[in-house]
Amino acid sequence: MAHRIISQVVFTGARVFGRAFAEAYKQASASQKYAAAGNSANPTSANTLSSAGLTLDEACRILNVSPPKGGQSNVERVHEQFKKLFDMNDPKRGGSFYLQSKVLRARERLELEVREAAEAAEREEELRGGWKPRVYRE
């Protein structure tokens, strides 16, 4: 009698686990298809940083700075505006955590643009000048 109860518990557990696994797989598959469709429609919105979803224009408007031209931006001005707005929205002083996080994400987005432009310029320079490996000697 005990073996019958144990086998029923095992089979029921396996069935529940199997259904849950199948449902999770369906959701993951649907999520992947949705993300792929979103990436093809807007390729710039798919980055892995927390500043994802914030456009360059929005970031510039939040920090009240001009957009970087050719990858060049006034980094000092961006940091100055960031510090001012970040401190102004400190929750301990009655500010908004939401606005503070938006200011942080805006700074990250602008830094990402400048960093990507610098990397692209470095790759372009390397292609123009030829490949020169970096040799490290001890």
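Preceding block: the structure.
What counts, and where the lines are drawn
- Residues numbered from 1 in each chain as written.
- Predicted model: local features only at pLDDT ≥ 70, side-chain atom pairs only at ≥ 80, totals over all residues.
- Heavy atoms only, no water.
- Axes fitted to C-alpha atoms, helices over the stretch in contact; angles between N-to-C directions.
- Helix = DSSP H or I, 4+ residues; strand = E, 2+ residues; numbered from the N terminus.
- Parallel < 35°, antiparallel > 145°, perpendicular 65-115°, else oblique.
- Left-handed = near helix turned anticlockwise from the far one by under 90°.
- Contact = heavy atoms within 4.5 Å.
- Nonpolar A, V, L, I, M, F, W, Y, C, P; charged D, E, K, R; others polar.

Draft legend 1. Expanded view of the packing of helix α2 (residues 56-63) against helix α4 (residues 97-129). Remark: α2 packs on α4, axes separated minimally by 9 Å, with the N-to-C direction vectors making an angle of 125 degrees. Judged by the angle between their axes, α2 and α4 are oblique. The way α2 lies across α4 gives a crossing that is left-handed. Side by side, α2 and α4 meet where L56, A59, C60, I62 and L63 of the first sit next to K102, V103, A106, R107, R109, L110 and E113 of the second. For the contact of α2 with α4, a count of residues per class yields eight nonpolar, no polar and four charged.

Draft legend 2. Seen up close, the packing of helix α3 (residues 75-88) against α4. Taken N-terminus to C-terminus, the directions of α3 and α4 make an angle of 170 degrees; their axes are 9 Å apart at the nearest point. Classified by the angle their axes make, α3 and α4 are roughly antiparallel. In this structure, α3 uses V78, H79, F82, L85 and F86 to contact α4, whose residues at the interface are Q100, V103, L104, R107, L110 and E111. When the residues that make up the contact of α3 with α4 are grouped by side-chain class, the tally is seven nonpolar, two polar and two charged.

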